[in-house]
Amino acid sequence: MADIVPGDNTPLLEVRDISKTFPGVKALDGVSLTLNRGEILGLCGENGAGKSTLMKILTGIYEPDEGGEVVFDGRPSKPRNPREAYEQGLVIVHQELQLVPDLTVAQNIFIGRERKVWGGIGIDDRGQVAAARRLLDRLGIRIDPTAVVGQLSVADRQMVEIARALSFDARVIILDEPTAPLSIDESEALFRVIREFRNENTAVIYISHRLEEVLELCDRVTVLRDGQSVGSKDAADLTQQELIEKMVGREVSGELRPPDRTPGEVVLEVRNLNTPGLLKDVNLELRRGEILGLAGLVGAGRTEVARAIVGADPRSDGEILVRGRKVDIANPAQAVAAGIGYLSEDRKGTGLLLTKSVKDNVALSSLGRHSKASVIDDRALAGIAKKQVRALAIKTPSVDQQTQFLSGGNQQKVIIGRWLVRDCEVLIFDEPTRGIDVGAKEEIYAILNELVASGKSLIVISSELPEVLRLADRVAVMSEGRLAGVLDNADATPERVMQLATSSHKSVMEDVQ
């Protein structure tokens, strides 16, 4: 962390005793927060702690209850909508991207503020593209400003969203889980931009569940719990364990390794798996009652291995064997029939029907079992969903609640419940805790370990190396579309995993030999 830039000692932003009540829920209860000039302030808390509600008040999406106030640069701030907040100099980059997929990068950056040609007739496309390129250069990312956003990767779209925020004359930027889809190099590029942005007239609020990032990047950390502020402390004086305990209000185990297990026979075997343009001769084995972690950098081929196994992506070569028998899997339905379930990394995009109920989502993979002559047995489905709600401790008013209104952790439990109903022997979890708070992560970890104890076999893909090391009995490391090595958990130090993940295939083979 760099030192805070000296200057005016008055805070740039103050939140004083702010509350917000929704029908039956006190989302914020007398929250206070101070953001100093030149500061990067980490804002932490479990899902439901009030972080998003507070940010929506600051940016004019919600109006706070009577009493309390927000002071921005010494003046009362009461934006009635995000546009007014932007005009004041307060900009937020949401976790859920707000881009228009059919427009170009440059058009998205300047949407609603299009640059006009001389005379005010028509849009200065050339000028917008040049300005967009300058912004992207500041991020250290090579993205074509004329590219259509819908054709970009998730990571590149995230960087475009951040570039749009920087295109405003912002005094305060709020970043909500900005690195969730980013690689290590892309995250470092973002951190560099954040540090360069802050000066004696600017500041940053940084929201993330990646606590190691918060402690590395931020000068100070404020914690919310159950709608209340529970204190602020210099990041240099905090450990990750102390921060977790402040967030959840209880002690959380610091154990970073899986329990002792004795895996059984091989239930899934992947032989010489190849895909067009990426995967090359990948060989894997998964045993009964085992968690196999799949590690590697973004773009190494982790997700592509999972998608090729379940038939979501085409294979150019290779075989899949279930309990020693070759199976033909050309699509996810055939994978399910073979006993393999895949939980996508894109929980909201492809994992859930957000406008459908908990009941509908839990039953999605087994509708055929509970229908006759195309008539669905709704009562049976409700009973199945209620059983999973109880078993997985899903927090929902009822099984008829739309899943879009559940927290990230509870949404993930709904997906897990769906596959438990289907009773797949092999489950592949792709980024199972992305965007989920610390307390909910603990619950997901416990569920995964219980599944393995019951005889299920899991492949867990995660960009968070501590998560892989905590869960996996063995760690398979991908690099450049190839399997760089497989390590027993006892041998899987962070250094060894990263050595494999960052090695070329040639150097890995030389090291193995």
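Keep in mind that what you see is a predicted model, and the values were worked out from it rather than measured.

Q: Please give an account of the overall build of the protein chain that cites residues and values.
A: Each helix and strand counted, the protein chain has 18 helices and 22 strands in total. Scaling as 2.2 N^0.38, a compact globule of 513 residues should have a C-alpha radius of gyration of about 24 Å, and the protein chain matches this with 24 Å. Viewed in the frame of its principal axes, the protein chain has a C-alpha envelope of about 70 × 55 × 50 Å. A burial count over the protein chain gives 52% of its 513 residues as buried.

Q: Hey, could you go over the packing of aromatic side chains for me, with residue numbers and the actual values?
A: Enumeration over the complete set of coordinates arrives at three aromatic pairs. Measuring from centroid to centroid gives 6.4 Å for Phe191 and Tyr206, while their planes differ by 70°, and the two rings are edge-to-face. Of this pair, Phe191 sits in helix α6 (residues 184–197) while Tyr206 sits in strand β8 (residues 203–207), and the two are 15 residues apart along the sequence. Phe191 gets classed as buried once you look at its relative accessible area, which sits at 2%. Looking at Arg113, its charged tip hangs above the ring of Phe168, at a distance of 3.8 Å from the centre.

Q: If you had to explain the pattern of salt bridges to someone new, which residues and values would you point to?
A: One pass over the structure, following the stated rule, counts 27 salt bridges. For Asp219, the salt bridge identified is with Arg198, shortest N-O distance 2.7 Å. Within this pair, whereas Asp219 is found in the loop between α7 (211–217) and β9 (220–225), its partner Arg198 is found in the loop between α6 and β8, the two being separated by 21 residues in sequence. One exposure class covers both Asp219 and Arg198, and it is buried. In this structure, Arg210 engages Glu464 in a salt bridge whose closest nitrogen and oxygen atoms are separated by 4.0 Å.

Q: Provide a residue-level description of empty space enclosed by the protein, including the pertinent values.
A: Evaluated as defined, the whole model comprises three cavities of 30 Å³ or more. If you go around the largest cavity, the residues you meet are Ile162, Ala165, Leu166, Ile173, Leu175, Leu190, Val193, Ile194, Phe197 and Val204. Those elements that provide at least two residues to the lining of the largest cavity are α5 (154–167), β7 (172–176) and α6. Among the elements that take part in the lining of the largest cavity, α6 stands out by supplying four residues, more than any other. Surrounding the second largest cavity, Glu177, Ala180, His209, Arg210, Arg434, Gly435, Lys441 and Glu464 form its lining. For the lining of the second largest cavity, the class distribution of residues is one nonpolar, two polar and five charged. Three or more residues apiece are contributed to the lining of the second largest cavity by two domains, here domain 1 (13–248) and domain 2 (265–511).

Q: Mind laying out the domain arrangement of the protein chain, listing which residues take part and the relevant values?
A: Taken domain by domain, the protein chain comprises domain 1 (13–248) and domain 2 (265–511). Averaged C-alpha coordinates put domain 1 and domain 2 at centres separated by 31 Å. Counting residues at the interface gives 16 residues for domain 1, matched by 17 residues for domain 2. Between domain 1 and domain 2, roughly 1100 Å² of surface is buried when both sides are summed, and carbon and sulfur atoms account for 58% of that area. Across the domain 1-domain 2 interface, the total number found is zero residue pairs in polar contact (both at pLDDT 80 or more). At three residues, helix α8 (residues 240–248) tops the list of elements feeding residues into the side of domain 1 that touches domain 2. Per-class residue counts for the side of domain 1 that touches domain 2 are eight nonpolar, five polar and three charged.

Q: How would you sum up the pairing of strand β4 (residues 69–72)? Please name residues and give values.
A: Where strand β1 (residues 13–22) meets β4, four bridges bridge the pair, whose relative direction is antiparallel. Looking at the pairing, Leu13 lines up with Phe72 of β4. Linkage of β4 to strand β5 (residues 75–76), two consecutive antiparallel strands, is achieved through a turn of two residues, within which Asp73 is found at a positive phi near 55°.

Q: For the pairing of β1, give the residues involved together with the corresponding values.
A: Judged from the seven bridges that link them, β1 and strand β2 (residues 25–35) form a sheet pairing that is antiparallel. Its bridge partner lying in β2, Val15 is registered against Leu33. Between the end of β1 and the start of β2, which pair antiparallel, lie two residues, with Gly24 showing a positive phi angle near 80°.

Q: I'd like to hear about the packing of helix α14 (residues 408–422) against helix α15 (residues 438–453), residue by residue, with values.
A: Packing of α14 against α15 brings their axes to within 10 Å, and their N-to-C directions diverge by 15°. When the axes of α14 and α15 are compared, the pair comes out roughly parallel. Along this stretch, α14 crosses α15, giving a crossing that reads as left-handed. Along the contact surface, α14 presents Gly409, Gln412, Lys413, Ile416 and Leu420, while α15 presents Ala440, Glu443, Ile444, Ile447 and Leu451.

Q: Account for α14, naming residues and giving values.
A: Between its terminal C-alpha atoms α14 stretches 22 Å, which fits the 21 Å expected from 15 residues at 1.5 Å a residue. The element α14 is extensively covered by neighbouring structure, given that 13 of its 15 residues are classed as buried. In the segment just after α14, Asp423 is the residue with positive phi, at about 60°.

How each quantity is defined
- Residues numbered from 1 in each chain as written.
- Predicted model: local features only at pLDDT ≥ 70, side-chain atom pairs only at ≥ 80, totals over all residues.
- Heavy atoms only, no water.
- Helix = DSSP H or I, 4+ residues; strand = E, 2+ residues; numbered from the N terminus.
- Rg over C-alpha atoms; globule rule 2.2 N^0.38 Å.
- Buried < 20%, exposed > 50% of the residue type's maximum accessible area, 1.4 Å probe, protein only.
- Phe/Tyr/Trp six-rings, centres within 6.5 Å; stacked < 30°, edge-to-face > 60°.
- Lys NZ or Arg CZ within 6 Å of the ring centre and 35° of its normal.
- Salt bridge = Lys/Arg side-chain N within 4 Å of Asp/Glu carboxyl O.
- 1 Å grid on protein atoms, 1.4 Å probe; cavity = no way out; pocket = protein on both sides within 12 Å on 5 of 7 lines; lining within 4 Å.
- Points joined across faces, edges and corners; volume = space filled by probe spheres on them.
- Nonpolar A, V, L, I, M, F, W, Y, C, P; charged D, E, K, R; others polar.
- Domains from an automatic or database assignment.
- Contact = heavy atoms within 4.5 Å.
- Buried area = accessible area lost by both parts, 1.4 Å probe.
- Polar contact = N/O pair within 3.5 Å; in protein donor to acceptor, adjacent residues only side chain to side chain.
- Pairing = 2+ DSSP bridges.
- Axes fitted to C-alpha atoms, helices over the stretch in contact; angles between N-to-C directions.
- Parallel < 35°, antiparallel > 145°, perpendicular 65-115°, else oblique.
- Left-handed = near helix turned anticlockwise from the far one by under 90°.
- Expected span 1.5 Å × (residues − 1).

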